[in-house]
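# Analysis of the macromolecular model
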Amino acid sequence: MDDVAGGLHFFDDDGNDLASLDDFFDMQDGDRAVRALYITPDLNGFSFGISAANSQSGSDGDDDLNGSGLEPAVALYYEGETGIGDVAAALSYRRTRLDDDLENDFLVGSASVLLASGLNATVAASRGDIEGQDETPTAYFMKLGYLRDILDTGETRFSVDYFRGRNNAEFGSPGGDLVEAHSWGFFAVQEFADINTEAYLGFRHYELDGVFVEDIRRDVDDMNAVLVGARVRFLPAQHAYG
């Protein structure tokens, strides 16, 4: 969600620098980490995973690469063909332990479906239980897409999506309400199969509501981001032996 403009910062109408975009837009699905992971073999499309890693940040947000405690996680996966189309879904639970021994729990789920027509949809949701915090952080994401071989060069993909989340307490209200974050975007991707390239164009809008600084409600400037580029994949050469 924050990948398009994750390093940019929000400012209020007085020009005060608040925080970066990724401090407000978070699906609570965790960061990449070195972990021990085991996933069971597929059984009728279902599999189960369990992992353990070190928590990588303290409650003050400082990186702690040595870890400050065990971070266990479990997940249930499904992937298969159904009567409505190809379906993939996952449900996960994880616990993080910060350097002050606070334990936070997160439940995250998602599901995607691809129809034979090329229409596809994805929904995701998350809920956190933050020790020492009264309000519950939540996040919701929805995306609709369409893919088809419109051009001879390869597959063409279009998508629109919407995000709503409440998961930032630092700039929340004096009463404890979390900042509400909204985002929507649309994207197009064109494949050029002969040269292993995908060209893409995207637009995303971000806005915040309920931001307080020193117990005073602030109006925050919205943010827009445009993403244009191409991805080239260098595939291994095919050799003929005989």
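In what follows, the structure referred to is the one given above.
My aim in this report is to walk through the structure given alongside it, one point at a time. (Residues numbered from 1 in each chain as written. Predicted model: local features only at pLDDT ≥ 70, side-chain atom pairs only at ≥ 80, totals over all residues. Heavy atoms only, no water.)

### So, the environment of T197
- Tracing the backbone shows T197 in strand β12 (residues 197-209).
- When its relative accessible area of 11% is taken as the criterion, T197 is described as buried.
- Considered as a pair, T197 and A230 are 33 residues apart in the sequence and their alpha carbons are 6.7 Å apart.
- Contacts of T197, omitting those with residues within four sequence positions, involve Q190, E191, F192, A230, R231 and V232.
- Polar contacts involving the side chain of T197 include one to the main-chain carbonyl oxygen of I195, which spans 2.9 Å. (Helix = DSSP H or I, 4+ residues; strand = E, 2+ residues; numbered from the N terminus. Buried < 20%, exposed > 50% of the residue type's maximum accessible area, 1.4 Å probe, protein only. Contact = heavy atoms within 4.5 Å. Polar contact = N/O pair within 3.5 Å; in protein donor to acceptor, adjacent residues only side chain to side chain.)

### Regarding a nonpolar patch on the surface
- Together, Y38, F46, F48, I50, V74, L76, L91, Y93 and L107 line one region of the surface with nonpolar side chains, adding up to about 800 Å² of accessible area.
- Elements supplying a minimum of two residues to the nonpolar patch: β4 (46-54), β5 (70-81) and β6 (86-97).
- Per-element tally for the nonpolar patch: the top contributor is β4, with three residues.
- For F48, a relative accessible area of 38% translates into the label partly exposed. (Patch = residues over 30% accessible without salt bridge, like charges linked within 9 Å, V, L, I, M, F, W, Y side chains within 5 Å. Areas by Shrake-Rupley, 256 points an atom, 1.4 Å probe, with all protein chains shown as cover. Salt bridge = Lys/Arg side-chain N within 4 Å of Asp/Glu carboxyl O.)

### Observations concerning the nonpolar core
- Residues F10, F24, F25, F171 and L208 are the most contacted members of the largest nonpolar core, which totals 21 residues.
- Where this core is concerned, the elements lending two or more residues are β2 (17-20), β9 (138-151), β12, β13 (211-213) and β15 (223-232). (Core = buried A, V, L, I, M, F, W, Y, C linked by side-chain atoms within 4.5 Å.)

### Remarks on the sheet that holds β4
- Here we have 11 strands laid out as an open sheet, ordered β3-β4-β5-β6-β7-β8-β9-β10-β11-β12-β15, and antiparallel in their pairing. Lying at the two open borders of the sheet, with one neighbouring strand each, are β3 (35-39) and β15. In this sheet, neighbouring strand axes are inclined to one another by 10° on average, regardless of whether the strands run parallel or antiparallel.
- Sheet topology note: the β9/strand β10 (residues 154-166) ladder contains 12 bridges and is antiparallel. Within β10, the residue paired with M142 across the bridge is Y162. (Pairing = 2+ DSSP bridges. Axes fitted to C-alpha atoms, helices over the stretch in contact; angles between N-to-C directions.)

### A closer look at the pairing of strand β8 (residues 119-129)
- Side chains N120, T122, A124, S126 and G128 project from β8 onto a buried face, and the interleaved L119, A121, V123, A125, R127 and D129 project onto a face without burial.
- Taken together, the 10 bridges between strand β7 (residues 103-114) and β8 define a ladder with antiparallel strand orientation. The residue of β8 that forms the bridge with F106 is G128.
- Bridge count between β8 and β9: nine bridges; the pairing is antiparallel. Along β9, the bridge assignment pairs A125 with Y140.

### Section: the pairing of β5
- Sheet analysis places β4 next to β5, joined by nine bridges and oriented antiparallel. In the strand pairing of β5, F46 is matched with Y78.
- When β5 meets β6, the two strands line up antiparallel, connected through nine bridges. Among the inter-strand pairings, A75 is bridged to a residue of β6, identified as S92.
- Where β5 folds back onto β6 in an antiparallel hairpin, the turn is made up of four residues, including G85, whose phi is positive at roughly 145°.

### Some words on the side chain of Q190
- Within the secondary structure, Q190 sits in strand β11 (residues 180-192).
- At a separation of 3.0 Å, a polar atom in the side chain of Q190 contacts the side chain of T153.

### Digging into the pattern of salt bridges
- Under the definition given, this model contains 13 salt bridges.
- Residue R204 pairs with D161 through a salt bridge whose shortest N-O separation is 2.9 Å. Residue R204 is located in strand β12, and its partner D161 is located in strand β10; the two are separated by 43 residues in the primary sequence. Each member of the pair, R204 as well as D161, is classed as buried.
- Between E180 and R166 there is a salt bridge; the shortest N-O distance is 2.8 Å. Placement of E180 in strand β11 and of R166 in strand β10 is noted, with a sequence separation of 14 residues between them.

### Some words on the packing of aromatic side chains
- On inspection of all chains with the given rule, the structure shows eight aromatic pairs.
- Look at F25 and F163: their rings are 5.6 Å apart centre to centre, the planes differ by 45°, and that puts the pair in the tilted class. Pair noted here: F25 is in the loop between β2 and β3 and F163 is in strand β10, with a separation of 138 residues, a long-range link.
- Take F25: its relative accessible area is 2%, and that puts it in the buried class.
- Looking at F163, the relative accessible area reads 0%, which means it is buried.
- Aromatic pair F25 and Y206: ring centres 5.0 Å apart, planes at 75°, arrangement edge-to-face. In this pair, F25 is assigned in the loop between β2 and β3 and Y206 in strand β12, connecting sequence segments 181 residues apart.
- Through pairs of rings, three or more aromatic residues link up here, namely F10, F24, F25, F163, F171 and Y206. (Phe/Tyr/Trp six-rings, centres within 6.5 Å; stacked < 30°, edge-to-face > 60°.)

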